[in-house]
Amino acid sequence: MGEKVKLFVTWSSPFSLRVIWALRLKGIEYDIVHEDLSNKSSVLVHNDQVICESLVILEYVDETWKHNTLLPEDPYERATARFWARFGDDKVLASIVYGVFVKQGKEQEEGIVASLENLKHLEEELKGKKFFGGKKIGLVDLALGWLAYYLGIFEEIMGLKLVDQQKFPSLAAWIHEFADHPVIRDAWPPRDKLVAKFIAMRETHLSKDGHN
């Protein structure tokens, strides 16, 4: 078709991964440009049109290339999927990273309570399903996909477990299924590099808090 698709990403960003997964699931050829986008979102350039923000890009990709759909056809189900994708960023990601990972002491304890409550909502939504999208990976799975890899790294660095098999059987099963999907697992960044990056990030945040 002669289409040009270019993706500007940060190697360690879970937001960039969402778009990479979506393009790979749809079999779209793309060029990738690695940049330091620490303070910016992922950027997709399609035929000279620029689209920003990973969740917006996912919908653009789904509407542009209709095969292997990421969102359901039913309007209510589409709205529900958008809700959970946003919930993943605004609640789950925010509570785990900013409420637990870069905190300590009483603040971290409060963050753990909030994080577990958010994870309970995901557990309920997943019950009886292989993926959030049902039998196949959909928009919500891509939005929450970071949990299947990055959460384990956070847990290792902090020395605590947020998602265990007993408390969250459906979520634990989903993490395994999602992380092991061929399209997904081949795109994960090097684990050792991520561990080093996030240890440094945590220490920076904790030292700043210590001076306040």
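Nothing here was measured: the structure is a model prediction, and the numbers come from that model.

Novice: So what about the environment of Val 19? Which residues, and what values?
Specialist: Of note, Val 19 is situated in helix α1 (residues 14–25). Each C-alpha atom of the pair Val 19 and Phe 178 lies 15 Å from the other, and the pair is 159 residues apart in sequence. Setting aside residues up to four positions removed in sequence, Val 19 forms contacts with Leu 7, Leu 44, Ser 54, Ile 57 and Leu 58.

Novice: Quick rundown of the sheet that holds strand β3 (residues 43–46)? Include the residues and the values.
Specialist: With mixed pairing, four strands are arranged side by side in an open sheet as β2-β1-β3-β4. A strand with exactly one partner marks an edge of an open sheet, and here the two such strands are β2 (31–34) and β4 (49–52). When the angles between neighbouring strand axes are averaged without regard to direction, this sheet yields 20°. Bridging between β3 and β4 involves four bridges; their strand directions are antiparallel. By the bridge assignment, Leu 44 is partnered in β4 with Ile 51. Its contacts with the sheet put α1 on β1 (5–9), β2 and β3, and the angle it makes with β1 is roughly 155°. Most of the contacts of helix α2 (residues 54–64) go to β4, to which it runs at about 130°, and overall it touches β3 and β4.

Novice: Break down the UniProt feature "domain: GST C-terminal" (unreviewed entry) in the protein for me, citing the residues and quoting the values.
Specialist: Within the UniProt annotation, "domain: GST C-terminal" (unreviewed entry) is assigned to residues 74–198. End C-alpha atoms of residues 74–198 are separated by 39 Å, and the span's content is 70% helix alongside 0% strand.

Novice: Explain the packing of helix α3 (residues 75–101) against helix α6 (residues 150–158) to me, using residue names and the numbers behind them.
Specialist: Interaxial distance between α3 and α6 falls to 12 Å at its minimum, and their mutual angle equals 10°. Taken together, the axis directions place α3 and α6 in an arrangement best described as roughly parallel. Contacts from Ile 96, Val 97, Val 100 and Phe 101 in α3 reach Leu 151, Phe 154, Ile 157 and Met 158 in α6.

Novice: Tell me about unusual backbone geometry, and please be specific about residues and values.
Specialist: Backbone geometry places Asn 47, a non-glycine residue, at a positive phi of 50°. With respect to the helices, strands and loops of the structure, Asn 47 is situated in the loop between β3 and β4. By relative accessible area, Asn 47 is classed as partly exposed at 35%.

Novice: Lay out the packing of aromatic side chains with the relevant residues and their values.
Specialist: The geometry of two aromatic rings is summed up by the distance between their centres and the angle between their planes. In this structure the tally under the stated criterion is 13 aromatic pairs. Measuring from ring centre to ring centre gives 6.3 Å for Phe 101 and Phe 198, while their planes differ by 85°; the resulting arrangement is edge-to-face. Of this pair, Phe 101 sits in helix α3 while Phe 198 sits in helix α9 (residues 191–211), placing them 97 residues apart in sequence. Of the two residues, Phe 101 and Phe 198, neither departs from the other in class, the shared state being buried.

What counts, and at which threshold
- Residues numbered from 1 in each chain as written.
- Predicted model: local features only at pLDDT ≥ 70, side-chain atom pairs only at ≥ 80, totals over all residues.
- Heavy atoms only, no water.
- Helix = DSSP H or I, 4+ residues; strand = E, 2+ residues; numbered from the N terminus.
- Contact = heavy atoms within 4.5 Å.
- Pairing = 2+ DSSP bridges.
- Axes fitted to C-alpha atoms, helices over the stretch in contact; angles between N-to-C directions.
- UniProt positions renumbered as here; feature names shortened; annotations may be inferred.
- Parallel < 35°, antiparallel > 145°, perpendicular 65-115°, else oblique.
- Buried < 20%, exposed > 50% of the residue type's maximum accessible area, 1.4 Å probe, protein only.
- Phe/Tyr/Trp six-rings, centres within 6.5 Å; stacked < 30°, edge-to-face > 60°.

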